[in-house]
Structure formats: structure tokens, C-alpha cells
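Observations on the three-dimensional arrangement
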Amino acid sequence: MRPLVLIVEDEAPLQKLLAYNLEAAGFEVAQAHDGEEALALVDERVPDLVLLDWMLPQLSGLEVCRRLRRRPATAGLPVIMLTARGEEPDRLRGLETGADDFVTKPFSPAELVARVRAVLRRARPVFGGQALAFHDLRMDLAAHRVHRGGREVHLSPTEFRLLRHFLETPGRVFGRAQLLDRVWGDDLEIELRTVDATIRRLRRALNAGGEADLLRTVRAEGYALDYKPGRPVGEAPLTDAENG
Ligand code: CA
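Below is a summary of the structure that appears in this document. It should be emphasised that the depicted structure is a prediction, and the values quoted were computed from it without experimental measurement. The written sequence of each chain sets the order in which its residues are numbered from 1. Residue-level local features of this predicted model are given only where pLDDT is at least 70; pairs of side-chain atoms are given and counted only at 80 or more, and the full residue set underlies all totals for whole chains, interfaces and linings. For the side-chain quantities, the full set of heavy atoms in the structure was used; hydrogens and water were omitted.

With that settled, consider unusual backbone geometry. Looking along the chain, the bond that leaves Lys105 and enters Pro106 is cis, with omega of -10°. The helix count covers DSSP runs of H or I at least four residues long, the strand count covers runs of E at least two residues long, and both are numbered beginning at the N terminus. Along the polypeptide, Pro106 turns up in the loop between strand 5 (101-105) and helix 5 (109-123). Notably, Ala220 is not glycine yet its phi reads approximately 65°, a positive angle. Its place among the elements puts Ala220 in the loop between strand 10 (215-218) and strand 11 (222-225).

This is the structure:
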């Protein structure tokens, strides 16, 4: 999965230049032209990094950064602030913006791509091979750790394997028998309702910060990992009747 970079920049030519160079460097790109649009996009899908112009119309880059830091889902989201020469980045650094790095305009595209990579490496040490990701969820396979936004999610080994299975094919619906087979293997003693119970615990752990529910219950079918803005936390699990 390619890392998603959200570019927030009101100057169209610079926005275009940044998008072109990041895409050429292998990143997926989302673009916003002001702070409100940026926050709305982040609500839909949390990016892996935000390139945030300091001088934006209406909401300033500083205010956007503060708001991102206040939300649990984006508190740990890497932010690189773009500042113009003369905006005194040294002084801005002292303002506790929460930005991970500053890049002063004008900059070379190569330099910017290098800074993006460096910040991503610091923020997500295993990015690019040993990690699975979906929406604001990250699974570090080497360290056996899961993060949702800036929050660490603690899972049992079985919950971890179950989540890994979903993360490998987001959006796809799996029946309980399928999950049993693929996650629990050939342990014949396990019952289908164990799957439901494990899903319930996984869901509780994933949503413990009050985030949107990422596990969809498909009536009479099974479960899928997907994201729909505004889905209530802890959507009802299969009823006993559906459990058969
Ligand atoms: Ca600007």
C-alpha cells in the first residue's frame, strides 16, 4: 500500500508541483486548498502524512495542525509545515505547533520528498514492507503492534491474527466458517460463536478511543473491514438468531 500524503496548499501551481513530485516518488496524494477542506478530507480518510502550508486563507496552517493534534484519531499524524522565507521558522518552532518538521519555501522537490520520507520513517518505522494499514489503523507485523491514530491498541494473539486477516483484504466480506478456518486453522474444537466473541472483543479494542467502527457486520453473511464515516461505534453484532 502506498503511503497517502495530504497536501494542503492554496497556491495552485505549488500544489500541482508537489502532487506531481510525490506521485512520481511513489506516494498516493490527496489535495486540499484550505484548512476546512483539509479537515474534511482527514475525516473521510486519515492520511499517513500532511504537508501543511503555514499561510492559508481562513484557517491558518497552525490552527489546522492544532485541531489535528486535538483529535484522538490524528493526534499522532505526521505533519510537515511549509513556511515562506521570512516567516521565521525558528520562532514558529517555539510556538508548540506540534509539527514534525518545517520546510522553507522555496525548496527543491527532491529535498521535500526526502523530508517526507524521513518523517514517515521516524513516525512509522516499518512503513513500506512490514506493515499493514487501513484508514487510521496500522499493524506493525515485525513488532506485533497495532495503532489506531496515535493510540496503541492491545490485542490478544488471536485478535491480532483476525485483524491481520481483515487488513490483508479490506472491504471483503468473510463468513464465520471462513474466518474460523483461516484464523484458527484446523482446531476442530472451536465453535462458530467463538468467531463472534472474538470479533466483539476486537471491535471493542479498536473503537476504545471513540473512533468510527471499522468492522462491518453483514447480516447473515459475516464480517468485513471497511470504513464509512459516521457509522456508530459498536454497531450491533449478529443476533443469536442469525448466529443459528
Ligand atoms: Ca499559502
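This paragraph deals with the coordination of the calcium ion. Six octahedrally arranged donors around a metal ideally form angles of 90 or 180 degrees; four tetrahedrally arranged donors ideally form angles of 109.5 degrees. Sites may look incomplete, because water is not among the atoms used; the donor set itself consists of N, O and S atoms within 2.8 Å of the metal (3.2 Å for Na, K and Ca). Protein coordination of the calcium ion is provided by Asp10 (OD), Asp53 (OD) and Met55 (O), with donor distances spanning 2.1 to 2.3 Å. Spacing between the donor residues of the calcium ion along their common chain follows D-x42-D-x1-M.

The next thing to look at is the packing of helix 7 (residues 176-184) against helix 8 (residues 192-206). Between the N-to-C directions of two axes lies an angle of 0 to 180 degrees, each axis being a line fitted to C-alpha atoms and, for a helix, fitted only over the stretch in contact. Relative orientation of the contacting elements helix 7 and helix 8 amounts to 80°, with a least axis distance of 9 Å. As far as their axial angle goes, helix 8 and helix 7 are roughly perpendicular. Within the contact between the two elements, helix 7 uses Arg176, Ala177, Leu179, Leu180 and Trp184 and helix 8 uses Leu192, Thr194, Val195, Asp196, Thr198 and Ile199. Gly falls in the polar group here, along with every residue not listed as nonpolar (Ala, Val, Leu, Ile, Met, Phe, Trp, Tyr, Cys, Pro) or charged (Asp, Glu, Lys, Arg). Classifying every residue of the contact of helix 7 with helix 8 by side-chain character gives 7 nonpolar, 2 polar and 2 charged. Should an angle fall under 35 degrees it is taken as roughly parallel, and over 145 as roughly antiparallel, whereas 65 to 115 is taken as roughly perpendicular and any remaining angle as oblique. Here, residues are in contact when the closest pair of their heavy atoms is within 4.5 Å.

Any two of the Phe, Tyr and Trp rings considered here, Trp counted by its six-membered ring, make a pair once their centres fall within 6.5 Å; the pair's planes then place it as stacked at under 30 degrees, edge-to-face at over 60, or tilted in between. Scanning the model with the defined rule gives 1 aromatic pair in all. Considering the side-chain rings of Phe166 and Phe174, the 6.1 Å spacing of their centres and the 65° angle between planes classify their relative orientation as edge-to-face. Relative accessible area decides the class of each residue, using a 1.4 Å probe on protein chains only: under 20% of the type maximum gives buried, over 50% gives exposed, and in between gives partly exposed. The exposure class assigned to Phe166 is buried, which follows from its relative accessible area of 0%.

Turning our attention to the packing of helix 6 (residues 157-168) against helix 7. The geometry of helix 6 relative to helix 7 is characterised by a closest axis approach of 10 Å and an angle of 115° between their N-to-C directions. Here the hand of the crossing between helix 6 and helix 7 comes out right-handed. Along the contact surface, helix 6 presents Thr158, Arg161, Leu162, His165 and Phe166, while helix 7 presents Leu179, Arg182, Val183 and Trp184. In terms of residue class, the contact of helix 6 with helix 7 is made up of 5 nonpolar, 2 polar and 2 charged. The hand of a helix crossing depends on one turn: near helix anticlockwise from the far one by less than a right angle means left-handed, and clockwise means right-handed.

What follows deals with the sheet that holds strand 2 (residues 28-32). What makes two strands pair is DSSP finding at least two bridges between them. An order of 2-1-3-4-5 is seen for the 5 strands of this open sheet, with the pairing classed as parallel. The sheet is open, and its two borders are formed by strand 2 and strand 5, each paired with just one other strand. Geometrically, the sheet is characterised by an average inter-axis angle of 20° between neighbouring strands, direction not taken into account. Running at roughly 170° to strand 4 (residues 79-84), helix 3 (residues 61-70) makes contact with strand 3 (49-53) and strand 4 of the sheet.

Strand direction decides the pairing type here: strand 6 (residues 131-134) and strand 7 (residues 137-140), joined by 4 bridges, are antiparallel. Residue Ala133 lies in a different strand from strand 7, and its bridge partner there is Arg138. Connecting strand 6 to the next strand, strand 7, in antiparallel fashion are 2 residues, including His135 with a positive phi near 50°.

Working definition of a nonpolar core: buried Ala, Val, Leu, Ile, Met, Phe, Trp, Tyr and Cys residues. They are joined through side-chain atoms within 4.5 Å. Core analysis: the biggest nonpolar cluster contains 27 residues, and Leu163 and Phe166 have the highest contact counts within it. Elements supplying a minimum of two residues to this core: strand 6, strand 7, helix 6, helix 7, helix 8 and strand 11. Residue contacts for Leu163: discarding those within four places in its chain leaves Leu137, Met139, Val146, Leu155, Leu202 and Leu206. Core analysis: the next-biggest nonpolar cluster, separate from the first, contains 21 residues, Ala32, Leu39, Leu77 and Val79 among them.

What follows covers helix 3. Structural remark: α-helix, 3.6 residues per turn; residues separated by three or four positions point the same way. If you check which residues of helix 3 are buried, you get Gly61, Leu62, Val64, Cys65 and Leu68. On an axial view of helix 3, the arc spanned by its buried residues comes to 160°, and they lie on one face. Packing partners of the buried residues in helix 3 comprise helix 2 (35-44), strand 3 and strand 4. Arc, as used here, means the arc of the directions from the helix axis to the C-beta atoms.

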